[in-house]
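Residues per chain, in single letters:
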Number of protein chains: 4
Amino acid sequence: MIRFNCDYSEGAHPRILELMQQTNLEQCPGYGEDSHCDRARALIRKACGGAPVEVHFMVGGTQTNLTVISGLLRPHQGVISAASGHIGVHETGAIEATGHKVLTLPSSDGKITAAQVEALLDEHWHDETHQHMVQPGMVYISLPTELGTIYQKSELTALYQVCRKNHLPLYIDGARLGYGLAAAGCDFDLADLCALCDCFYIGGTKQGALLGEALVLCRPQLLPDFRYLMKQRGGMLAKGKLLGLQFEALFSDGLYFQLSRHAVEMADRIAATCQKKGIPPLVVTGTNQLFYIFSDEALTALQQKYAFSYWGRVDERHSAVRICTSWATTETDVDSLCADIAAL
Amino acid sequence: MIRFNCDYSEGAHPRILELMQQTNLEQCPGYGEDSHCDRARALIRKACGGAPVEVHFMVGGTQTNLTVISGLLRPHQGVISAASGHIGVHETGAIEATGHKVLTLPSSDGKITAAQVEALLDEHWHDETHQHMVQPGMVYISLPTELGTIYQKSELTALYQVCRKNHLPLYIDGARLGYGLAAAGCDFDLADLCALCDCFYIGGTKQGALLGEALVLCRPQLLPDFRYLMKQRGGMLAKGKLLGLQFEALFSDGLYFQLSRHAVEMADRIAATCQKKGIPPLVVTGTNQLFYIFSDEALTALQQKYAFSYWGRVDERHSAVRICTSWATTETDVDSLCADIAAL
Amino acid sequence: MIRFNCDYSEGAHPRILELMQQTNLEQCPGYGEDSHCDRARALIRKACGGAPVEVHFMVGGTQTNLTVISGLLRPHQGVISAASGHIGVHETGAIEATGHKVLTLPSSDGKITAAQVEALLDEHWHDETHQHMVQPGMVYISLPTELGTIYQKSELTALYQVCRKNHLPLYIDGARLGYGLAAAGCDFDLADLCALCDCFYIGGTKQGALLGEALVLCRPQLLPDFRYLMKQRGGMLAKGKLLGLQFEALFSDGLYFQLSRHAVEMADRIAATCQKKGIPPLVVTGTNQLFYIFSDEALTALQQKYAFSYWGRVDERHSAVRICTSWATTETDVDSLCADIAAL
Amino acid sequence: MIRFNCDYSEGAHPRILELMQQTNLEQCPGYGEDSHCDRARALIRKACGGAPVEVHFMVGGTQTNLTVISGLLRPHQGVISAASGHIGVHETGAIEATGHKVLTLPSSDGKITAAQVEALLDEHWHDETHQHMVQPGMVYISLPTELGTIYQKSELTALYQVCRKNHLPLYIDGARLGYGLAAAGCDFDLADLCALCDCFYIGGTKQGALLGEALVLCRPQLLPDFRYLMKQRGGMLAKGKLLGLQFEALFSDGLYFQLSRHAVEMADRIAATCQKKGIPPLVVTGTNQLFYIFSDEALTALQQKYAFSYWGRVDERHSAVRICTSWATTETDVDSLCADIAAL
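Counting from 1, residues in each chain are numbered in the order their sequence is written. In the order they appear in the text, chains get letters beginning with A and ligands get numbers beginning with 1. Reporting in this predicted model follows two pLDDT cut-offs: at least 70 for local features of residues, and 80 or more for side-chain atom pairs to be given and counted; totals over whole chains, interfaces and linings ignore these cut-offs and use all residues. With hydrogens and water stripped out, all remaining heavy atoms of the structure feed into the side-chain values.

In the nomenclature of an unreviewed UniProt entry, chain A is known as Aminotransferase class I/II-fold pyridoxal phosphate-dependent enzyme of Neobittarella massiliensis. Per UniProt, the comment on chain A under Cofactor (unreviewed entry) is "pyridoxal 5'-phosphate". UniProt positions are given in the numbering used here, feature names are shortened, and annotations may be inferred rather than shown by experiment. The annotation that UniProt attaches to chain A under Sequence similarities (unreviewed entry) is "Belongs to the threonine aldolase family."

In structure tokens:
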């Protein structure tokens, strides 16, 4: 079985394992205060164009989301998100468990717009009984979204303007950020991003690391005492070096961006094959996540050999699946899949 | 200005004030352990047909809802509710503040069905990643609903069967329970209700009391140690006698039911006038809350003299309003409103 | 049985009941936006010497405490309190239920000192692992304390200076504030208090009202959106007028202060009798709460006729009890008790 | 600088890195459902004497503690712990952040006794106002404790009997469990432990793994749906295999026990040297954590070369430090330290 169902099937990029091996018996201070973490922070700051950002290494995405969001909101506030947003669907109510409601906006492609946020704010503040309702307190988006789509720079700019005007922090879940930045249609880079939101995280787990996400606070004054919050939520790893060294490896010699491009190229090849074959996309993405609609017969045939992520029934005879590539996807496996799709 | 905008504009029924006056300087134990609370509990149990229910007196509706719901759920569970449910809209995220998500079902009349709950459960349990999603842990309905509608006995029976089969407690928010029981279309009574859900509360605040709700636990084993929970959430009144004596008065000589009938009769008269005049209802209720669609001109005229609760725009020239009667609504005020509607 | 066990055995002062009676059928807006609440707020502001304070009416003490404290703290912060503080002992973990630790300081008389707070802060900030510990985020004191004692103006001044220097809000639980202000040893008044802390509440429940506490925000910018917080915690009463009118009555013609003085005079008389008789105090208070140590035989004899609050065993043959007076305590009852103590 | 300050300075045991390397590009299902996790679970069950325990792999200790404790308690309940317990001191209020109070018992050696728990329960249940106080809901102990001490089998047996009799789950924090089991004075093994508590975790982070703790539920019916709870608290690693394979390596061929014994032997050697030299222990441990009292001069000299963990001032001229060994401590470093102590 060849797995295209997700982007966290394998371990880590060899250069990470190598660095782990080399430095294994070094004695380091714990809790993210070692030299590997320091170097990784410096490398990330540099990749961010030298912006005076604060960088913290967290264990996983759910934890990063719940720590940041509960740190930014007051008790009566909620976080605005697309209805399909990871925090509202696939984190077992982690945000609610910290006391806050997820205020959802409808979205067909996983994105939300400045206009939608503005309308929700208008509605809230114009309701006479607004004190009886959760106050919108911040905005969460994922980039790429859960549907693999990415925002244009102009969309982010508009969204962030509405946020700033209304004193709502904008936080970006970048579990697959590299795959988004590597997409052909992406018109901004990491440095731009630092001016387009208040905080975001650079996903490691799905992008070549064993685990770990690098949280970037573009305006650290919004989240003072962040290390207390990390510790409280169980997100401060004793052997923090394990997180630091992975980002050290990923942000040395452009490895992170190189791995991201590889995954996107692999996905592009599959997308081209599907297009040629006339298999319709559920949504057009450009990133490492593809969503295609197959006939049930075709799917049954392909699934003998390949694992996909089932997305939903489209009509009586067709279903949508998610096909994921990653830094670890081999050309051989992609060639094999493309051939089998072409032969359907 | 004559207020028809809500059912909590006035103080309390005179018999309540009288009993307060008479017993004012009695020395009582605090926290609901006085003889007035005891008598009120006995009277409510009797009105419940003698079922072995546990009765607690709480200060208000939001507090009752959050105490009961957080007491019934484990951390990873959420409460199923109509999207229009009070807990999901008008309690400033009180449920989320205790750590739990409100899982909403769409509803055009404020009610949810057994089939909807069953479908949501199926969807949850058949999803391979269900452990990544909030687990449905109980069901909340309001009776009458936020749209003034009531459930039929058969609907409640079906809903409770699904709940019992799936080990989901069913809790009924009865802020206006009396007005529901007094509706012409209601085919069950308090005693029936005890066998149709796990717990419910009998609203006092909107039904003739100054404040207070009587929570009835039909299966008290589901909420052991309830008095601890009340105290923790700030819902255990030091001078608990104030709550007890109000329910003592309301449940003596059928006063509660009599006041409820009065409000419904007043509403029925207004409804009849609207019908005669051809003013369309937004939804047909039968209880003390009416929802009618007026032209904006008509509304402007009526609002010179009467306060309604604005509900929403229906089209460019029409809006829906909520008209509420209560135990305190006078025939004079209703006659006046009916005359003015008839004269539109 | 004559109750001296607490100060919430009776109903409300007759002037309150009178005002309720007179205004019972007035139609008012809900949720604290009626004219009685407005008048009460103005009267309290006046009693506070005209300071630009914000006043909110809450249902009870536990709720006021949990709403204020959870509104002031960030997730990783805790509230400093005497170990005997009400929030740490007798509120069933209400503060913890909002996510925050109570950081306790030892105290033999219920008070804490500026030096103690400073030492705790030093210890926290000098610990290398302080990010692994709860950060002190505010200070809670009760006045009078749970042991009936009061702070001197100089003590409060020193405490508040430490708080301001360290950016810790100081909040005062004034469940029995009037009884404290009426004590012979009290060297400050309500107006002074507004400059000696960031917020405090004026207790109603134990001071002549049926229920209700008036929260005074001396620096309202520390708790923006307070009405959202009240609603979320179930503390915003629909018929808010009930709270407003009680404080309207209590703060008209100095009633609040007059009732407080009465209770303290009654307590002073009992204290004088005990002193004469050589019955030792557990702690000297000056307020409406007395703590005396009786032999077990004496206690058994007195308890045939009087209810006290058992406080704890002192030695094999002696126990301490709390004796409470209130606005409602009669001279007859006090004379009777004094005679019986004298005759022991 | 040679680090004896903690037991998490180095990376992982070479066999773990080897297994990671060998299996790095295997494609695995995520979230702990891979074959390495399965094998590790089987190995741990075997080491537990074949008891039908449930095993979950969590990222770190704070997260394990907060997930287990919040999963076991109802809202009004707290967890009993030694005042020195990790959850009460060094987790930034993680337990309170889930809504629960830590109920502390005094302890000079880090342990609590059955008699202490029984006394606390008696006190709670005999207090007339117990509903106003947090209800004891479970017991937490650490083994070894934060002071390096271990429980005797008879002490655990007595403690668990009190727990079972009172329906309080007993949970053991085993961050350094192996070092405890390897102590000369330990009179029980892993299999015994399964009958002496309701759940415990086998620490990985401090015992040779990069990160990860293996939670063992001896009575899994107490924590149904545990995987939901893990996910909600951010404790379910996407690449769960990383945790599984480490415990697979540690529990193959007795590696875990072998590493534990090594650390204890190293510590024993240091302890013997101190004893010979007449340096007094703060507490006698037998595990990998030693607590010795040095003169300030001696300490200053040693700290030129060695890092210890400062524990506290003992008198004007003496301080206590913690000296930690681990699986990675070399004989050379220990020889060097012993020589330097002997030469003081």
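Still to come is the rest of the account.
With that out of the way, let us pick up the overall build of chain A. When you go through chain A residue by residue, the secondary structure sums to 14 helices and 13 strands. A compact globule built from 344 residues would reach a C-alpha radius of gyration of about 20 Å, and chain A, at 21 Å, matches this within 12%. Its C-alpha atoms give chain A principal-axis dimensions of about 60 × 55 × 35 Å. Summary of the burial criterion: residues with accessible area below 20% of their type's maximum are buried, those above 50% are exposed, and those between are partly exposed, where the area comes from a 1.4 Å probe applied to protein chains only. Here chain A, with 344 residues, has 66% of them falling under the buried criterion. In this description, contact between two residues means that some pair of their heavy atoms is separated by no more than 4.5 Å. For chain A, contacts bridging at least 24 residues in sequence account for 74% of all contacts bridging at least 6. The Shrake-Rupley method, run with a 1.4 Å probe, gives the accessible areas here. Residue values count only the displayed protein chains as cover. If you sum the accessible surface of chain A, you get close to 11800 Å²; carbon and sulfur atoms cover 52% of it. The charged-residue count follows a simple rule in which Lys and Arg add positive charge and Asp and Glu add negative charge, with His and chain termini not counted at all. Taken as the charge centre is NZ of Lys, CZ of Arg, CG of Asp or CD of Glu, depending on the residue. Distance between charge centres in chain A, computed from 28 positive and 37 negative side chains, equals 4 Å. A run of H or I in DSSP counts as a helix once it spans at least four residues, and a run of E counts as a strand once it spans at least two, with each numbered from the N terminus. Each radius of gyration reported is based on C-alpha atoms, and the globular scaling rule is 2.2 Å times the count of residues to the power 0.38.

What follows deals with the sheet that holds strand β10 (residues 289-295) of chain B. Working definition: the strands of a sheet are paired by backbone hydrogen bonds and lie parallel or antiparallel to each other. Residues and elements named next belong to chain B. Spatially, four strands are ordered β9-β10-β13-β12 in an open sheet, and the strand pairing comes out antiparallel. Lying at the two open borders of the sheet, with one neighbouring strand each, are β9 (281-283) and β12 (309-315). Strand-to-strand twist across the sheet, computed as the mean angle between neighbouring axes with direction ignored, equals 35°. For two strands to count as paired, DSSP must find a minimum of two bridges between them. One ladder, built from seven bridges, connects β10 with strand β13 (residues 318-324); its direction is antiparallel. Looking at β13, one finds that F291 is bridged to R322. For every element, the axis is a line fit to its C-alpha atoms; helices are fit only across the contacting stretch, and the angle between N-to-C directions ranges from 0 to 180 degrees. Sitting on the sheet, helix α12 (residues 255-277) is in contact with β10 and β13, with an inclination near 25° to β10.

Moving on, we get to the packing of aromatic side chains. The way to describe two aromatic rings as a pair is by their centre distance and the angle between their planes. The pairing test for Phe, Tyr and Trp rings, Trp by its six-membered ring, is centres within 6.5 Å, and the orientation test on the planes gives stacked under 30 degrees, edge-to-face over 60, and tilted for anything in between. In the structure shown here, the tally under the stated rule is 44 aromatic pairs over all chains. Residues F4 of chain D and Y306 of chain D carry aromatic rings whose centres are separated by 6.1 Å and whose planes lie at 45° to one another, so their mutual orientation is tilted. Taken together, the residues span a long stretch of sequence, with F4 of chain D in the loop between β1 (2-3) and α1 (14-23) and Y306 of chain D in strand β11 (residues 306-307) at a distance of 302 residues. Judged by centre distance (6.5 Å) and plane angle (25°), the ring pair of F247 of chain D and F251 of chain D falls under stacked. Residues F247 of chain D and F251 of chain D agree in their burial class; the two are buried. Clustering of aromatic rings is evident, with ring pairs tying together F57, F247, F251, Y256 and F257 of chain A. Should the NZ of a Lys or the CZ of an Arg lie within 6 Å of a ring centre and within 35 degrees of the ring normal, that charge is described as sitting over the ring. The residue whose ring lies beneath K111 of chain D is Y151 of chain D, and the NZ or CZ to ring-centre distance is 5.6 Å.

So, on to the pattern of salt bridges. One speaks of a salt bridge when a side-chain nitrogen belonging to Lys or Arg is within 4 Å of a carboxyl oxygen belonging to Asp or Glu. Under the counting rule described, the total for this entry stands at 52 salt bridges over all chains. Among the salt bridges present, the one from E96 of chain B reaches K101 of chain A, with a minimum N-O distance of 2.9 Å. Taken as a pair, E96 of chain B in helix α5 (residues 94-97) and K101 of chain A in the loop between α5 (94-97) and β4 (102-105) lie in two separate chains rather than in one. Overall, the relative accessible area of 2% leaves E96 of chain B in the buried class. A cluster of three or more residues bridged by salt bridges with shared partners is formed by R269, E331 and D335 of chain A.

For this overlay, a least-squares fit was computed on C-alpha atoms, restricted to residues scoring pLDDT of at least 70 in both copies. At an RMSD of 0.0 Å, chain C and chain A line up after a rotation of 180° and a shift of 0.0 Å along the axis. Here the copies are linked by what is in effect a two-fold axis. Considering only C-alpha atoms, the part of chain C nearest the rotation axis is R74 of chain C, at 4.0 Å. When the interface residues of chain C are mapped onto chain A, 100% of them are again interface residues, pointing to one common binding face.

The next thing to look at is the interface of chain D and chain A. With 43 residues of chain D at the contact, the number on the chain A side is 43 residues. Accessible area that two parts lose when put together, with a 1.4 Å probe and added across both, is what the buried area reports. Interface area for chain D against chain A, summed over the two sides, is near 4000 Å², with a carbon-plus-sulfur share of 55%. On the surface where chain D and chain A come into contact, there are zero salt bridges. Pairs of N or O atoms are called polar contacts if they sit within 3.5 Å, as long as, within protein, a hydrogen donor faces a hydrogen acceptor (for residues adjacent in sequence, only side-chain-to-side-chain pairs). The tally of links between chain D and chain A comes to 22 residue pairs in polar contact (both at pLDDT 80 or more). Counting residues per element, the ones that place at least two in the side of chain D that touches chain A are β1, α1, α3 (61-72), α5 (94-97) and α10 (226-232) of chain D. Amino acids are sorted into nonpolar (Ala, Val, Leu, Ile, Met, Phe, Trp, Tyr, Cys and Pro), charged (Asp, Glu, Lys and Arg) and polar (every other residue, Gly among them). Looking at the side of chain D that touches chain A residue by residue, the class counts come to 22 nonpolar, 14 polar and seven charged.

Attention now moves to the interface of chain C and chain A. Across the boundary between the two partners, chain C contributes 23 residues, which contact 23 residues of chain A. Both faces considered, chain C and chain A share a buried interface measuring about 2000 Å² in area, 50% of it formed by carbon and sulfur atoms. Where chain C touches chain A, the interface holds zero salt bridges. Along the contact surface separating chain C from chain A lie 18 residue pairs in polar contact (both at pLDDT 80 or more). Going through the elements one at a time, α3 (61-72), α6 (114-126) and α10 (226-232) of chain C are the ones with two or more residues in the side of chain C that touches chain A. A total of five residues in the side of chain C that touches chain A trace back to one element, the largest contributor, which is α10 of chain C.

Let's shift gears to unusual backbone geometry. Residues and elements named next belong to chain B. Here L143 and P144 are connected by a cis peptide whose omega angle stands at -5°. Within the secondary structure, P144 sits in the loop between β5 (135-142) and α7 (153-165). The backbone of H167 shows a phi angle near 60°, a positive value even though the residue is not glycine. In this fold, H167 is placed in the loop between α7 and β6 (170-173). Even without glycine at this site, D225 takes up a positive phi of about 60°. Here D225 lies in the loop between β8 (213-217) and α10 (226-232). Note on D225: relative accessible area 29%, which makes it partly exposed.

Attention now moves to the pairing of strand β12 (residues 309-315) of chain A. Residue and element names in this part refer to chain A. As defined by bridge partners, β12 adjoins strand β13 (residues 318-324) across five bridges and the pair is classed as antiparallel. Among the inter-strand pairings, S309 is bridged to a residue of β13, identified as R322. From the end of β12 to the start of β13, which pair antiparallel, there are two residues.

All right, on to the packing of helix α6 (residues 114-126) of chain B against α7 of chain B then. All names here are of chain B. Put simply, α6 and α7 touch, their axes get as near as 8 Å, and they point 25° apart. Considering their axes alone, α6 and α7 lie roughly parallel with respect to each other. Contacts between α6 and α7 involve A114, V117, E118 and L121 on the former and, on the latter, A158, L159, V162 and K165. Considering only residue class, the contact of α6 with α7 consists of six nonpolar, no polar and two charged. Roughly parallel means an angle under 35 degrees; roughly antiparallel, over 145; roughly perpendicular, 65 to 115; everything else is oblique.

On to the sheet that holds strand β8 (residues 213-217) of chain D. Residues and elements named next belong to chain D. Taken in spatial order, the seven strands line up as β2-β8-β7-β6-β5-β3-β4 in an open sheet, and their pairing is mixed. Looking at strand neighbours, the two that pair on one side only are β2 (54-58) and β4 (102-105), the edges of this open sheet. Pairs of neighbouring strands in the sheet enclose a mean axial angle of 25°, with direction left out of account. The pairing of strand β6 (residues 170-173) with strand β7 (residues 199-203) spans two bridges and is classified as parallel. Residue pairing across strands places Y171 opposite C199, the latter belonging to β7. Seen against the sheet, helix α2 (residues 35-47) touches β2, β7 and β8 and runs at an angle of roughly 125° to β2.

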